[in-house]
Amino acid sequence: MPYAGEGSNPLGLKDFLDDLRLDHYQDLLHELDELYQKLKQERQVPLHGDGEAYPLLTLTVDGGEGRAFEELPLLSFGLVRVAAVGVKGFRLPSIAHLLPGYEVLRDPKGYLEGLLERSEESPAADALKTFFRATGISLEDLGEYYTKDLRAFMGIFRDVLEWAYLVWGVEKVLQESYKDYLFIKDGRLAQLGVRESFRSKLQNYFARKHLLLAGVTKRSRLLAEGLTSLVMARLFAEARGTFVLQVPQELMEKAYRYERQWNADLEGAFVMGRRYVARLLEDTFRPQEGVAIFDLPPYLGEEDAVKVARSLRAHRSVLYGGSVGTVVEAHGRASVARSIPRRMEEEILARFRKAFGEDLAKKLTEWLRLADRED
């Protein structure tokens, strides 16, 4: 039933409009126009024809969060797995590693030191030892954040093992043939929670090797939100052909709150790459499916950006909504499904019962039951 006056003033709309100020729309349009002019000034390097396409080698890491006995970190086990998938079925051997919660929490640094001493027994330890030796990075370069709690340790360990896996693949598996590949890291070229010396030594290693390396981002603030998404959308609506360009500083400032999030040249920045955007396909059902966002380390330039863009275009797959097929396949190899920790829990309890008897197994189960209680 309508209320009194609804017909003449529905929902108080007239009062709302009488008080409405539109100055902010004027400011918004002015800012959008300024940003777009900055973007248009950037050199659009065309991607004519197929050009040279490097074979991809895509690295991913998974695990760490879905832990066995995750309700009680002291009794938990973290499972981390890294994998690399190339084209035409080429793969690096994947590496998986179990992290015992109690041992990690008791002495995080001591756990890593002991792991490195067992490098002959553990593929993950061998990769880490190779990584430290080749880059000059030490445990001191990790800083202290990883010792904060189990979640912090898991996050840093995942990231470091992924970098170590890349270096191990170059040093021990590919050796000189690494120059034939474009290495794709899933996500930004960045590293949080470590000292600046970690990032600088890692960058120096990649620069010495002149590694063709790119961090490919599936979702970027540049395209997903705010002023920058509108500016980028206008560029792709008006520009013609396929091209690659370096994202100007003004757009990066709008997309990210702090300069250390995007400026690889800034002291204390946690990023290790410069952001590029490429239109790989001009005609697609969804415009963003034809666009790639990637980071390149500072030692790589415009010619390398073209090589990366052409290689990504050559290996995109309609099966994955325009994504690079090897990225999706590498995720599949590295993935640690939730069912795996559950199976681990059952197997750990069975082995514990067999090794130490029913009484100790019962005590362990009681502690686990307390951790799983409802608040």
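The chain carries the name NurA domain-containing protein in an unreviewed UniProt entry, which gives Thermus parvatiensis as its organism.

Another aspect to go through is the overall build of the chain. On a plain count of helices and strands, the chain comes out with 14 helices and 9 strands. Within the span of the chain, comprising 375 residues, buried residues form 46% of the whole. Entry remark: accessible area of the chain is about 20,300 Å², with carbon and sulfur atoms responsible for 51%.

Turning our attention to the nonpolar core. In this structure, F131 and F183 are the most contacted members of the largest nonpolar core, which totals 52 residues. Breaking this core down by element, the ones donating at least two residues are strand 2 (56–63), strand 3 (77–86), strand 4 (91–100), helix 4 (108–117), helix 5 (123–135), helix 6 (150–174) and helix 7 (196–209). Those residues within four positions of F183 in sequence are excluded, and the remaining contacts are L57, L59, L166, V170, L174, Y178, L211, L212, L213 and A214.

If a probe as big as a water molecule is rolled over the atoms, it shows which places are left empty. Each pocket or cavity is described by its volume, and for the second largest pocket that value is around 330 Å³. The wall of the second largest pocket is formed by 14 residues, among which R158, D159, E162, K185 and D186 lie closest to the centre. Going through the elements one at a time, strand 2, helix 6 and strand 5 (182–186) are the ones with two or more residues in the lining of the second largest pocket. When residues in the lining of the second largest pocket are grouped by element, the largest group, 4 residues, is from helix 6. Residue classes in the lining of the second largest pocket are distributed as 5 nonpolar, 3 polar and 6 charged.

Turning our attention to empty space enclosed by the protein. This model, assessed by the stated rule, comprises 2 cavities of 30 Å³ or more. There is about 100 Å³ of room inside the largest cavity. Surrounding the largest cavity, L112, L116, L128, F132, L139, L142, Y146, F153, I156, F157, V160 and L161 form its lining. Elements with a contribution of two residues or more to the lining of the largest cavity: helix 4, helix 5 and helix 6. Sort the elements by how many residues they give to the lining of the largest cavity and helix 6 lands first, with 5 residues. Here the residues of the lining of the largest cavity sort into 12 nonpolar, no polar and no charged.

Within the fold, G273 resides in the loop between helix 10 (249–255) and strand 8 (274–279). Under the relative-accessibility criterion, G273 is labelled buried at 4%. Through-space distance from the C-alpha of G273 to that of L300 is 9.3 Å; in sequence the pair is 27 residues apart.

Another point: the sheet that holds strand 8. Across the sheet, 9 strands lie side by side as 1-7-8-9-6-5-2-3-4; this open sheet has mixed pairing. At either margin of the open sheet sits one strand with a lone partner, and together these are strand 1 (45–46) and strand 4. Sheet topology note: the strand 8/strand 9 (residues 291–296) ladder contains 6 bridges and is antiparallel. Bridged to R274 within strand 9 is L296. Along the sheet, helix 9 (residues 226–238) contacts strand 7 (243–246), strand 8 and strand 9; its crossing angle with strand 8, the most-contacted strand, is approximately 35 degrees.

Glancing now at a negative patch on the surface. On the surface, a cluster of negative charge is made up of E103, D107, E113 and E117. Inspection of the secondary structure assignment puts E113 in helix 4.

What follows concerns helix 2 (residues 23–41). Along its 19 residues, helix 2 runs 28 Å from first to last C-alpha, staying within 8% of the 27 Å computed at 1.5 Å per residue. Inspection of helix 2 places L32, L35, Y36 and L39 among the buried residues, and these make up the whole buried set. Relative to the axis of helix 2, the buried residues are bounded by an arc of 100 degrees and lie together on one face. Exposed residues lying more than 90 degrees from the buried face of helix 2 are Q26, D27 and Q41. Those residues of helix 2 hidden inside the fold are in contact with helix 9, strand 7 and helix 10.

This paragraph deals with unusual backbone geometry. Positioned with a positive phi, Q175 is a non-glycine residue whose angle comes to about 55 degrees. Structurally, the position occupied by Q175 is in the loop between helix 6 and strand 5. Within the chain, H210 stands out as a residue other than glycine whose phi angle is a positive 45 degrees. Assignment of secondary structure puts H210 in the loop between helix 7 and strand 6 (213–217).

Another aspect to go through is the pairing of strand 3. Across the 10 residues of strand 3, 9 count as buried, placing the element largely inside the fold. Direction of pairing for strand 2 relative to strand 3: antiparallel, over a ladder of 7 bridges. When the sheet's bridge partners are listed, T58 is paired in strand 3 with V85. Where strand 3 lies against strand 4, 8 bridges are found, and the strand directions are antiparallel. Residue pairing for strand 4: A84 is matched across the bridge by L92.

Turning our attention to the side chain of R199. Within the element layout of this structure, R199 appears in helix 7. On the basis of relative accessibility, which here comes to 6%, the residue R199 falls in the buried class. Side-chain polar atoms of R199 contact the backbone oxygen of A269, separated by 3.1 Å. With sequence-adjacent residues up to four places away left out, R199 is seen in contact with Q191, V194, G268, A269, F270 and M272.

Procedures and definitions
- Residues numbered from 1 in each chain as written.
- Predicted model: local features only at pLDDT ≥ 70, side-chain atom pairs only at ≥ 80, totals over all residues.
- Heavy atoms only, no water.
- Helix = DSSP H or I, 4+ residues; strand = E, 2+ residues; numbered from the N terminus.
- Buried < 20%, exposed > 50% of the residue type's maximum accessible area, 1.4 Å probe, protein only.
- Areas by Shrake-Rupley, 256 points an atom, 1.4 Å probe, with all protein chains shown as cover.
- Core = buried A, V, L, I, M, F, W, Y, C linked by side-chain atoms within 4.5 Å.
- Contact = heavy atoms within 4.5 Å.
- 1 Å grid on protein atoms, 1.4 Å probe; cavity = no way out; pocket = protein on both sides within 12 Å on 5 of 7 lines; lining within 4 Å.
- Points joined across faces, edges and corners; volume = space filled by probe spheres on them.
- Nonpolar A, V, L, I, M, F, W, Y, C, P; charged D, E, K, R; others polar.
- Pairing = 2+ DSSP bridges.
- Axes fitted to C-alpha atoms, helices over the stretch in contact; angles between N-to-C directions.
- Patch = residues over 30% accessible without salt bridge, like charges linked within 9 Å, V, L, I, M, F, W, Y side chains within 5 Å.
- Salt bridge = Lys/Arg side-chain N within 4 Å of Asp/Glu carboxyl O.
- Lys, Arg positive; Asp, Glu negative; His and termini not counted.
- Charge placed at Lys NZ, Arg CZ, Asp CG, Glu CD.
- Expected span 1.5 Å × (residues − 1).
- Arc of directions from axis to C-beta.
- Polar contact = N/O pair within 3.5 Å; in protein donor to acceptor, adjacent residues only side chain to side chain.

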